[in-house]
Amino acid sequence: MSSFLNSIGRLRAPKRSPNQTPTAGNGFFDPPSPGAELTGSPPSPSSAPKPLYLCQPFVKAALVKGSFKTIVAPPKYVDVNEWVAVNLFDFYHNLNHFYGVLTEFCTLNNCPTMSAGPTLNFLWPDQNQRLVSLPAPTYIDFVMSWLQKLLDDETVFPTKSGREFPSSFAYTAKHIYKHLFRIFAHLYHAHFEQIIHLSIEAHFNSLFAHFLAFGKEFDLLVMQDLMTQQGMGQGVAELGEKWRDMGILET
Ligand SMILES: [Zn+2]
């Protein structure tokens, strides 16, 4: 794993939004779960237009054919924590690349909230731990910067031989998953048209399906923690369901 993690320092920094600085101290507060709000009533499933990512042919666009089961299984003799750490790093790195090509569309004007459904927004805690709505680029910038710092922290992601993973590693991994999921959710909800326009929907779907499969395998993904119950039917949670129905993901 060390070769992966040692390369973190050489990664480019996530693109930062103009004039945005973290809110206080080191600026990165942990949003208590679920940290999501519904603005108004969720649309009824029958009246709401179907999001493009749930429509054919986009819903089945993927680079990976067949089961993700093999991809997510840890190689023999590899420590599970090590395997989770490597994969977290890869998901972060790959998602950051997608976000990098979408930043010109994900602006303060276009995305004034961290939306993930017609009436679903994710919130971020301010210095008083009060959950507030932030523009999506600011929110994503906070998450990516927090994550880069975390992945670079030897006490959380040890790279030197003889150093153990902390006992809190499983909790941290779940937490990272929650935040990455929210970024996926926003990009699907607000930027899928641009993703199609750039012809990267198969890559993006494959990354997200891999992310969901890995999260399920290692119990990192607790859907109830990611959205409010009422918000479940209006975001990418539905995409995961659809992929399970289509056999792309295991049930
Ligand atoms: Zn956006």
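Note that the coordinates shown come from a computational prediction; the quantities given were computed from them, not determined experimentally.

Thresholds applied
Residues numbered from 1 in each chain as written. Predicted model: local features only at pLDDT ≥ 70, side-chain atom pairs only at ≥ 80, totals over all residues. Helix = DSSP H or I, 4+ residues; strand = E, 2+ residues; numbered from the N terminus. Buried ≥ 20, exposed ≤ 12 C-beta atoms within 10 Å, placed from the backbone. Contact = placed C-beta atoms within 7 Å. UniProt positions renumbered as here; feature names shortened; annotations may be inferred. Pairing = 2+ DSSP bridges. Core = buried A, V, L, I, M, F, W, Y, C linked by C-beta atoms within 7 Å. Expected span 1.5 Å × (residues − 1). Axes fitted to C-alpha atoms, helices over the stretch in contact; angles between N-to-C directions. Left-handed = near helix turned anticlockwise from the far one by under 90°. Nonpolar A, V, L, I, M, F, W, Y, C, P; charged D, E, K, R; others polar.

Caption draft 1: Quick look at the overall build of the protein chain. Summing up its helical and strand segments, the protein chain has eight helices and four strands in all. Per-residue burial over the protein chain gives 35% buried out of 251 residues. Excluding contacts between residues fewer than 6 apart, the proportion of contacts in the protein chain whose partners are at least 24 apart in sequence is 82%.

Caption draft 2: Focus on the environment of Trp124. Along the chain, Trp124 turns up in strand S3 (residues 120-125). In the structure, Trp124 is positioned 18 residues away from Phe142 in sequence and 9.2 Å away in space, judged by C-alpha atoms.

Caption draft 3: Layout of the UniProt feature "binding site: Zn(2+)" (unreviewed entry) in the protein chain. Under the present numbering, the feature "binding site: Zn(2+)" (unreviewed entry) in UniProt falls on Cys106, Cys111, His186 and His191. These annotated residues cover 86 residues of sequence, and their C-alpha atoms lie no more than 9.8 Å from one another, placing them together at a single site. Excluding residues within four positions of it along the chain, Cys111 makes contact with Cys106, Pro135, Ala136, Pro137 and Ala190. By the element assignment, His191 lies in helix H5 (residues 169-197). A residue is classified by how many C-beta atoms lie within 10 Å of it, and His191, with 22 of them, is buried.

Caption draft 4: Seen up close, the pairing of strand S2 (residues 114-117). As defined by bridge partners, S2 adjoins S3 across three bridges and the pair is classed as antiparallel. Residue Ser115 lies in a different strand from S3, and its bridge partner there is Asn121. Hairpin connection, S2 to S3: the antiparallel pair is bridged by two residues.

Caption draft 5: The nonpolar core, seen in detail. Ranked by size, the top nonpolar core spans 57 residues in total, and within it Tyr139, Leu180, Phe184 and Ala209 carry the most contacts. Listed by contribution, the elements that provide at least two residues to this core are helix H3 (80-102), S2, S3, helix H4 (136-151), H5, helix H6 (201-217) and helix H8 (237-245).

Caption draft 6: Spotlight on H4. Compared with an ideal rise of 1.5 Å per residue, which puts 16 residues at 22 Å, H4 spans 22 Å between its outermost C-alpha atoms and is within 8% of the ideal. When H4 is considered as a whole, its buried residues turn out to be Ala136, Pro137, Thr138, Tyr139, Ile140, Asp141, Phe142, Val143, Met144, Leu147 and Leu151.

Caption draft 7: Quick look at the environment of Thr113. Checked against the element boundaries, Thr113 lands in the loop between H3 and S2. Taking the number of C-beta atoms within 10 Å as the measure of exposure, Thr113 has 18 and is therefore partly exposed. Apart from the residues lying within four places of it in its own chain, the contact partners of Thr113 are Asn121, Ser133, Pro135 and Ala136.

Caption draft 8: Structural detail: H6. For H6, which comprises 17 residues, the first-to-last C-alpha distance of 24 Å matches the rise-based estimate of 24 Å (1.5 Å per residue) to within 8%. If you follow the buried residues of H6, they end up packed against helix H2 (69-72), H3, H5 and H8. Following H6 by one or two positions, Asp219 adopts a phi angle in the positive range, close to 55 degrees.

Caption draft 9: Examining the pairing of S3 more closely. Bridge count between S3 and strand S4 (residues 131-133): three bridges; the pairing is antiparallel. In the strand pairing of S4, Pro125 is matched with Leu131.

Caption draft 10: Region of the structure containing the packing of H3 against H4. Contact geometry for H3 and H4: axes closest at 11 Å, N-to-C directions at 145 degrees. Handedness of the crossing formed by H3 with H4: left-handed. Seen from H3, the contacting residues are Phe89, Tyr92, Asn96 and Tyr99; seen from H4, they are Ile140, Met144, Leu147 and Leu151. Residue composition of the contact of H3 with H4, grouped by class: seven nonpolar, one polar and no charged.

Caption draft 11: Broad picture of unusual backbone geometry. Positive phi values are uncommon outside glycine, yet Tyr77 reaches one of about 65 degrees. Mapped onto the secondary structure, Tyr77 falls in the loop between H2 and H3. Judged by the 5 C-beta atoms lying within 10 Å of it, Tyr77 falls in the exposed class. The backbone phi angle of Ser199 is positive, close to 55 degrees, even though this residue is not glycine. The topology assignment puts Ser199 in the loop between H5 and H6. With 9 C-beta atoms counted inside 10 Å, the residue Ser199 sits in the exposed group.

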